[in-house]
Amino acid sequence: MVLINGKTVSAEIRNRLMQETAELKNKTGRMPGLATVLVGEDPASAVYVRNKNKICGEVGFQSFGQNLPAETSEAQLLNLIKQLNENEEVNGILVQLPLPDHIDEEKVLLSIDPEKDVDGFHPINVGKLAIGNALLTPCTPTGIIALLDYYEIEIAGKHAVVLGRSNIVGKPVAHLLLQRHATVTICHSKTKNLKEVTRQADILIAAVGRPHFVGSEMVKEGAVVIDVGINRVEGKLIGDVEFDPVAEKAAFITPVPGGVGPMTIALLMENTLKAFKTTL
Ligand code: GUN
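Every value quoted in this text rests on a predicted model; they were computed, and no experiment measured them.

Here we take up the side chain of Glu 270. By secondary structure assignment, the location of Glu 270 is in helix H10 (residues 261–277). Non-local contacts of Glu 270, meaning those with residues more than four positions away in its chain, are made with Ile 13, Arg 16 and Leu 17.

So this is what it looks like as structure tokens:
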């Protein structure tokens, strides 16, 4: 069994981005800029956003952190996004989800300039992903593909089974795998005979958000198991996969933490650099 090390891969990507950013800065006198927008005080979201701004600094980007109170109105948020859309120093805009209930998430995502949509959540970019020509694709799914590539895991022709159909992970990772010529099955809470389906997976992506949902009885011998779960249980981070028994069967497996998690931010930075380069 090979333990997939997301920390190492993510550090390599960040290093490459840092070098390229320094070269571009020398050449153009400009630097990429990322604006993060956090509404409210959800502690997990606050940690994510803080980390995003910290890594921004490390790779040499400018960061614009906007922390707004939970009572912020939808109109105020839309107005802020309009300003960020117009700000030439801002190449990427990330609105941390979930948003408070009184704000229409779809409306907010639609208001972001698709060329600055480094999350890849704008319907234009979702559509481009479905067609297969998106520049900006969602960070966690793209990070998963980067991990598979780093470990030279073949995707073409393999049966990839995705557990979960969220707009943030399940659906976009299914598209990316399809683009790489996998045979893709998406499973969800209404799927019948779930175990029979997951046992066919050469590549199993667990993105259901339920601690230890995937047991060894759901996994084929020699499968590649990617755990996207970040479940907080009694202060500990627990994945969607029951690690020890599944690791005994898997050929490759990601740990939680230290697997997919660190990749998301690295790919967010990569998207920001891509968006910046289109403006040069
Ligand atoms: N909330 C959970 N994951 C994500 C993500 O990738 N981007 C944003 N903006 N919010 C999230």
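It is worth spelling out the site of the ligand at this point. In the vicinity of the ligand, the contacting residues are Leu 94, Val 95, Gln 96, Leu 97, Asp 119 and Phe 121. Val 95 places a main-chain nitrogen or oxygen 2.9 Å from a nitrogen atom of the ligand. Interatomic distance of 3.3 Å between a side-chain N/O atom of Gln 96 and a nitrogen atom of the ligand. Computed on the free molecule, the ligand has an accessible area of 280 Å², of which 82% lies beneath the protein chains in the complex. Broken down by class, the residue content of the shell around the ligand amounts to four nonpolar, one polar and one charged.

This part takes up the packing of helix H2 (residues 43–59) against H10. Their axes nearest at 10 Å, the elements H2 and H10 cross at an angle of 55°. In this view, H2 runs oblique relative to H10, as classed from their interaxial angle. Crossing handedness for the pair H2 and H10: right-handed. Contacts between H2 and H10 involve Asn 51, Lys 52, Ile 55, Cys 56 and Val 59 on the former and, on the latter, Ile 265, Leu 268 and Met 269. When grouped by side-chain class, the residues that make up the contact of H2 with H10 number six nonpolar, one polar and one charged.

Moving on, we come to the packing of aromatic side chains. Aromatic rings in a pair are described by how distant their centres are and how their planes are angled relative to each other. Under the definition given, this model contains two aromatic pairs. An angle of 70° between the planes, with centres 6.3 Å apart, marks the rings of Tyr 151 and Phe 252 as edge-to-face. Placement of the pair is Tyr 151 in the loop between helix H6 (139–150) and strand S5 (159–163) and Phe 252 in strand S11 (residues 252–253), with a sequence separation of 101 residues. One aromatic cluster in this structure is built from Tyr 150, Tyr 151 and Phe 252.

About the criteria used
- Residues numbered from 1 in each chain as written.
- Predicted model: local features only at pLDDT ≥ 70, side-chain atom pairs only at ≥ 80, totals over all residues.
- Heavy atoms only, no water.
- Helix = DSSP H or I, 4+ residues; strand = E, 2+ residues; numbered from the N terminus.
- Contact = heavy atoms within 4.5 Å.
- Near = heavy atom within 4 Å.
- Polar contact = N/O pair within 3.5 Å; in protein donor to acceptor, adjacent residues only side chain to side chain.
- Areas by Shrake-Rupley, 256 points an atom, 1.4 Å probe, with all protein chains shown as cover.
- Nonpolar A, V, L, I, M, F, W, Y, C, P; charged D, E, K, R; others polar.
- Axes fitted to C-alpha atoms, helices over the stretch in contact; angles between N-to-C directions.
- Parallel < 35°, antiparallel > 145°, perpendicular 65-115°, else oblique.
- Left-handed = near helix turned anticlockwise from the far one by under 90°.
- Phe/Tyr/Trp six-rings, centres within 6.5 Å; stacked < 30°, edge-to-face > 60°.

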